[in-house]
Amino acid sequence: MSSIGVQMKKREPVQVTKHIASSPETVWDLVTDLTRMGDWSPENKGGNWVKGATRAEKGAKFKGINSNGKVTWPTLVKVIECDPPKHFVFRLLGGPFGSVDWVYDIEPTENGCQVTESWIDERRSLFTYFGGKLTGVEDRAIHNRQTMEATLDALAETAEEVTLN
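To start, this report covers the structure provided alongside it. The residue numbering used here restarts from 1 in each chain and proceeds along that chain's sequence as written. The model is predicted, so local features are restricted to residues of pLDDT at least 70 and side-chain atom pairs to those at 80 or more, both for listing and for counting; the totals for chains, interfaces and linings are taken over all residues. Remark: hydrogens and water are excluded; side-chain values derive from all non-hydrogen atoms of the structure.

### Quick notes on the overall build of the protein
Threshold: Strands are runs of DSSP state E lasting at least 2 residues, helices are runs of H or I lasting at least 4, and numbering of each runs from the N terminus. Exposure categories follow from relative accessible area, calculated using a 1.4 Å probe and restricted to protein chains: below 20% of the type maximum is buried, above 50% is exposed, and the middle band is partly exposed. By definition in these notes, contact holds between two residues if any of their heavy atoms fall within 4.5 Å. The method behind every accessible area is Shrake-Rupley, applied with a 1.4 Å probe, and residues are considered shielded solely by the protein chains displayed.
Tallying secondary structure elements over the protein gives three helices and seven strands in all. Within the protein, buried positions represent 43% of all 165 residues. For the protein, the share of sequence-separated contacts (at least 6 apart) that also reach a separation of at least 24 residues comes to 52%. Carbon and sulfur atoms make up 50% of the accessible area of the protein, which amounts to about 9000 Å² in all.

Right, dumping it as structure tokens:
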């Protein structure tokens, strides 16, 4: 039990992996341009770098806009790891209610790269409960697996188009 009266429940990360017939550098450029994430994600609608940030680098903050049906909500994330073109992590900042990390690992293959998107939920129970009510998503892990699959499919399509042109 924490000092604010909410418990932290350990959850398994949700991961989705996809092969993309494009270079790790091309995929990296797309994944780290958070302003374009809305081009691929069914839930994220993009957003803007804030507090002087202009691109993905450790410490940069980004204000995103998400939506599910008619419900829209803002998010604030911070880039916590940035190792081009291999590893990118940004954290949804939840203050005392915990956080959520979004991780992209990009590994070269013979004909492109393998991309693994992970969602690591470290929200406290209260944040999880109210987040479900706010967003209309009761089981965030199942929902995110589906949206992550759609995101990587759309990302692959864009990256492979860029590679052909």
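Next comes the rest of the write-up.
### What about the pairing of strand β6 (residues 98-109)?
Applicable threshold: When DSSP finds two or more bridges between two strands, those strands count as paired.
As paired strands, strand β5 (residues 87-93) and β6 are joined by seven bridges and run antiparallel to one another. Residue pairing across strands places Leu 93 opposite Ser 99, the latter belonging to β6. Following β5, the chain reverses through four residues before pairing antiparallel with β6; Gly 95 in that reversal takes a positive phi of roughly 55°. Sheet topology note: the β6/strand β7 (residues 112-123) ladder contains 12 bridges and is antiparallel. Of the residues in β7, the one forming a bridge with Trp 102 is Trp 119. Between the end of β6 and the start of β7, which pair antiparallel, lie two residues.

Worth remembering: the numbers are spatial, not functional.
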